[in-house]
Amino acid sequence: MVKRIVCIALSMLLTWSALLAQQGEYQRKSVSSLGSVLVHPSVYSGAFDQSFFDDLIKEYIEVPRFDFNQLTDKSLQQFWRQVRGQGTMSARSLEQILQQTVGQEIARILKDPDIQEARRAGLEYESDWLRLARIKGKDYGLTEEQLIILMNSAYLYLPYLSKMERTQEKDDISYEIEGGIYWFQVHISAQDEVDIQLVESGSRGGIGSAVVGVKNYQKFSLGNRDYVVSENQYAVYDAMQTWVKNLSVVMKGIPNFSLSAQVVQKLSANTYSSNLGRREGVHLDDAFFINEIFEDSKGNQKTKRVGYGRLIKNVDNTQHPERLSELKLFYGSRIMPGAVLQENPRLGMEIAANLVYIEDMDIPASAIYGVSPYHKISGGVGLNVDLSYNLAPIIGITQTYLETRINWISLATNNSLDVSADLYSVSLGLHKKLWLGRLALGLQAAAGIDLFGGEAEQNDKTYTSSVMALGAKPGAKAIFLLSPSLQLTAGISRHYTFNISSGFYVDGEEFYYSGCDLAKVNLDRTHLELGFNWIIKSFPINFYGWLDPLKKY
C-alpha cells in the first residue's frame, strides 16, 4: 500500500502543471522523519522518553494528510554524526548538514541516467516503477522502498527540545517542556539539482504535574492505551503530550501543510459540499475559511475571504473518494461552487470567562458568627470559568462539549464587622450548541460540588462556617460569533443542591456552637452570566488529553 501511494505521488510530480489548474485542491505531501529529537546542549533529557514521544508523533504529527516515511539508516547516521560533532541547533547549520548528507544521497540517485529518463518520460504502470526501483535499489545498496522514498522526498522534519525543567515542592512534581519542530523542504530543479531549505519552525511548550503517593498518577492514559508509570514519569508524559499537541496545531497552520479544497455544490442556503473527509484527517466541527480566487485588472491573482463555516458531516472517503462531506456556514453570502476552503486549525477546546450575578439564595444570619440577626445572605457577584472539549469527533454529534465549570462568588453580607462569605463550585457536564448563522442557543446540564464558607474576625479569633453540598445545574446561553475565535455569551442557570456536610470552626479547630445553625443553609440559587468564549489554538496544561486518540468522526 505504501509503495502504491508513493508511486502515485511520483506520477503526480510528473504532471504538476496540470494539477495547478485545480485551484484550492490540497496535494498530499511526502514527509520524511530524521529519526530522533535534537536536544539543546543545556537541557538534561534523562527523563525524556523517546518511545512515548514516538507514540505522540504518530498521534499528532504523522496525520493522514501526509505520506510519512523513514529515511535510510545510512543517510540518518551521516546526518546525526555531523550534528553531534558540531553540537549545533541553528537552522542554517542544519540546512547545510542536511544538504551534505540526505541531500547528496538524493542527488546521487536522481542523477542516475536511467532514473532521469524515467522521470522525464513517465512510466504508465505502477509495476514499471517498482521494477525500476528494484533494479536501481540494488545498484545503490537499497531496498525498492528506500529508493522510492529518497526519490520522492519532499519535506523533512526534525523535533527539537530547548527546555525540560523539573520542580518539586513536597509531594508535588511538575515538568515544563519547551521546543518545536524544524520543517525542511527538498527542492529539486529541472536539472535534478537538490536544495534543502527551512520552511517553518514552530515552537510551543507544555506543563505536566503529578503527586507522589497518589495511585491515579501511576497510570497514564492515551485513548485506549495505558502506560504504567511512576509519578515522575506521569508528570513527564503529561508535559510531553501537551507540548506535542500544541505543535500539531502549529504544523496544520503552516501554509504548505494547511488543508484546502473546493466547494463542490450548494446544498441549501447555508450548506455546501466538499471532497475533504476522513482520508485527509479532518474531524467533525473542524472550521474553514471560505475564499474566492480572482484576477485583478492587471492579471494578478487575488484572494478574497467571503465566509466561514464548519464540517457538519464528515464522510469516510478513504475507499470511496467520490463521497462528499458537508459544511455549514457561520457567516458568508453569494458563495458559489469552486470557492476554496482554507483550514483554520484549533485544539478542539474552548475557554469561557463570565461575570456572574446570583440571587435567590437562603443563608440565614445565624450561619455566620457575628452577622446581624436581621440580615440574610441571598446573592453576590463573582467569576465563572469554563473549559470545554468538543466531543463531536468522538461521538459523531456536532457541537457537543464536555465542560468543566469553576465558580467563585463573593456573597454580600452587609455587616459592619470584619465578615466575609464566599461560594465555590466545581462541576462537570455537557453543553450542546444549536447554531443559526452567527447566533446559537447553548443548552447546558452539569453536576458538581458547592462549598460555602463564612468567616468572621473578632477578639483576635477567627470563626469559620462551612457547608458542602452536591448539586445539579441546568442552564441555557445565548451565543453570538464575534470572530472565528471569539464568542459573546449571556446565560442563565438554576442550581439545585442538597447539603452533605457542615461544620463550625474557631481558629481552625472544630467547635460546637449552638448559635450557628448550618442546617438551615440552602445553596439553591439562580445564576446570571455575561462573558466571552475563546476557541483556543494552544493550552499549557494537558486538559482532556486522553480523549484525543478516540476521535474517529
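Treat the numbers as computed from the prediction; the structure is a model and nothing was measured.

Reading the values: the criteria
- Residues numbered from 1 in each chain as written.
- Predicted model: local features only at pLDDT ≥ 70, side-chain atom pairs only at ≥ 80, totals over all residues.
- Heavy atoms only, no water.
- Pairing = 2+ DSSP bridges.
- Helix = DSSP H or I, 4+ residues; strand = E, 2+ residues; numbered from the N terminus.
- Contact = heavy atoms within 4.5 Å.
- Buried < 20%, exposed > 50% of the residue type's maximum accessible area, 1.4 Å probe, protein only.
- Axes fitted to C-alpha atoms, helices over the stretch in contact; angles between N-to-C directions.
- Expected span 1.5 Å × (residues − 1).
- Arc of directions from axis to C-beta.
- Salt bridge = Lys/Arg side-chain N within 4 Å of Asp/Glu carboxyl O.

Draft legend 1. Inspection of the pairing of strand β20 (residues 461–483) at higher detail. By the bridge criterion, 20 bridges tie strand β19 (residues 439–458) to β20 in an arrangement that is antiparallel. Bridging from a neighbouring strand, Gln444 pairs with Gly475 of β20. Turn length for the β19-β20 hairpin, with the two strands adjacent in sequence and antiparallel, is two residues, and the turn residue Asn459 shows positive phi of about 55 degrees. Looking at chain direction, β20 and strand β21 (residues 486–506) are connected through 18 bridges and run antiparallel. Bridge assignment links Tyr463 to a residue of β21, and that residue is Val506. Hairpin connection between β20 and β21: a loop of two residues separates the two successive antiparallel strands.

Draft legend 2. Just the side chain of Thr101, in detail. Within the element layout of this structure, Thr101 appears in helix α5 (residues 91–110). Discounting chain neighbours no more than four positions away, the residues touching Thr101 are Ser75, Gln78, Phe79 and Gln82.

Draft legend 3. The environment of Ser501, seen in detail. By the secondary structure assignment, Ser501 is in strand β21. We classify Ser501 as partly exposed; its relative accessible area is 36%. In the structure, Ser501 is positioned 31 residues away from Leu470 in sequence and 9.8 Å away in space, judged by C-alpha atoms. In contact with Ser501, not counting residues within four places along its chain, are Ser466, Val467 and Met468.

Draft legend 4. Representation of the sheet that holds strand β14 (residues 340–343). Read around the barrel, six strands follow the order β9-β10-β13-β12-β11-β14 and close on themselves; strand pairing throughout is antiparallel. For this sheet, the mean angle separating the axes of adjacent strands, direction not counted, is 45 degrees. Inspection of the sheet shows strand β9 (residues 260–268) paired to β14 by three bridges, in the antiparallel sense. Residue Ser260 lies in a different strand from β14, and its bridge partner there is Gln342.

Draft legend 5. View of helix α4 (residues 73–86). Look at α4: 20 Å from first C-alpha to last across 14 residues, which is about the 20 Å you get at 1.5 Å a residue. Turning to α4, its buried residues number three or more, namely Ser75, Leu76, Phe79, Trp80 and Val83. Taken around the axis of α4, the buried residues stretch over an arc of 120 degrees, which confines them to a single face. In α4, the exposed residues that point more than 90 degrees away from the buried face are Asp73, Arg81, Arg84 and Gly85. Gly87 sits one or two residues past α4 and shows a positive phi near 60 degrees.

Draft legend 6. Structural context of helix α9 (residues 231–253). Spanning 23 residues, α9 covers 34 Å between terminal C-alpha atoms, matching the ideal 33 Å at 1.5 Å per step. Here α9 lies mainly inside the structure; 20 of its 23 residues are buried.

Draft legend 7. Expanded view of the pattern of salt bridges. Across all of its chains, the model carries 16 salt bridges by this definition. The closest approach of N and O atoms between Lys219 and Asp226, which form a salt bridge, is 3.9 Å. Residue Lys219 is classed as partly exposed on the basis of its relative accessible area of 45%. With a shortest N-O distance of 3.2 Å, Arg310 and Asp285 are connected by a salt bridge. Within this pair, whereas Arg310 is found in strand β12 (residues 301–313), its partner Asp285 is found in the loop between β10 (271–274) and β11 (287–295), the two being separated by 25 residues in sequence. Residue Arg310 shares its accessibility class with Asp285, and that shared class is buried.

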